[in-house]
Amino acid sequence: GEEAIARLNPIIVEAFDRELKSIPANEVTRIWFRLKDSELYQKRDGLCLEGNALSGLKLWFVRNFFMSLDHDFWHSDSTRKLTLDSFRKQVESSKAYVCFISNGSDSQKVWIETGRDFMRFSLACAAKGIAFHTMNQSLQDNEESKGFHEQIAKEIGLKNNQRIQLLARLGRSDYMFSSPRRDLKEILL
């Protein structure tokens, strides 16, 4: 319901803000960001502006005049504020959240099973025209995320042996972007 969503939103935004303020955590995002199409389609992985729903003239302006992967630019207060404001708008537009919850163990096996469920759920959402956007900053096992899992768990009424493995927002969107994927042969051992 709307009240439950409204209670989760500030926790999710605060977790993202804390990650942005941590240079080591935010540096991981910078390294994975692909600003140019050529890099995105060469490496076929990472994060990009299109994946954040930018397109057309706005995409061109942001890419050419407002965005840089330069270390100092990326970690500046002004960039952090713009990024957080954009993220906050996304969170506040959320119509629903979904949590993938495990019982008991938090093992590699559980992570793989959650990944499988995530893929099935993603495909089902795509088939129904539902936008699905993961927001896991509050769930990561690092210093920046400390305490957020517990806050969310309390809000949604989890039992002590349960753990949120994945959190995502759901909604409707006309925007479509198919991110390039690496060939399976490149990632199989």
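Residues numbered from 1 in each chain as written. Predicted model: local features only at pLDDT ≥ 70, side-chain atom pairs only at ≥ 80, totals over all residues. Heavy atoms only, no water.

As a further point, take the pattern of salt bridges. Counting across every chain of the model gives 16 salt bridges. With its nearest N and O atoms 3.8 Å apart, the salt bridge here joins Arg18 to Glu14. Of this pair, Arg18 and Glu14 both sit in helix α1 (residues 2–21), four residues apart, roughly one helical turn. Judged by relative accessible area, Arg18 falls into the partly exposed class, the value being 32%. Residue Asp106 pairs with Arg163 through a salt bridge whose shortest N-O separation is 3.5 Å. One end of the pair, Asp106, is in the loop between β1 (96–103) and α7 (108–128); the other, Arg163, is in strand β3 (residues 162–172), with 57 residues separating them in the sequence. Residue classification places Asp106 among the partly exposed residues on the basis of a relative accessible area of 33%. Here Arg163 falls in the buried class, since its relative accessible area comes to 16%. Among the ionic contacts, a cluster of salt bridges with common partners joins Arg34, Glu39, Lys43, Asp45 and Arg182. (Salt bridge = Lys/Arg side-chain N within 4 Å of Asp/Glu carboxyl O. Helix = DSSP H or I, 4+ residues; strand = E, 2+ residues; numbered from the N terminus. Buried < 20%, exposed > 50% of the residue type's maximum accessible area, 1.4 Å probe, protein only.)

Now for a nonpolar patch on the surface. The grouping of Leu57, Trp60, Phe61, Phe65 and Phe66 at the surface amounts to a nonpolar patch, some 590 Å² of accessible area in total. With respect to the element layout, Phe61 can be found in helix α4 (residues 56–66). (Patch = residues over 30% accessible without salt bridge, like charges linked within 9 Å, V, L, I, M, F, W, Y side chains within 5 Å. Areas by Shrake-Rupley, 256 points an atom, 1.4 Å probe, with all protein chains shown as cover.)

To continue, consider the packing of aromatic side chains. Enumeration over the complete set of coordinates arrives at eight aromatic pairs. On the numbers, 5.1 Å between centres and 80 degrees between planes, the contact of Trp60 with Phe61 is edge-to-face. Looking at Trp60, the relative accessible area reads 44%, which means it is partly exposed. A centroid spacing of 5.6 Å and a plane angle of 40 degrees characterise the contact between Phe118 and Phe132, whose relative ring orientation is tilted. (Phe/Tyr/Trp six-rings, centres within 6.5 Å; stacked < 30°, edge-to-face > 60°.)

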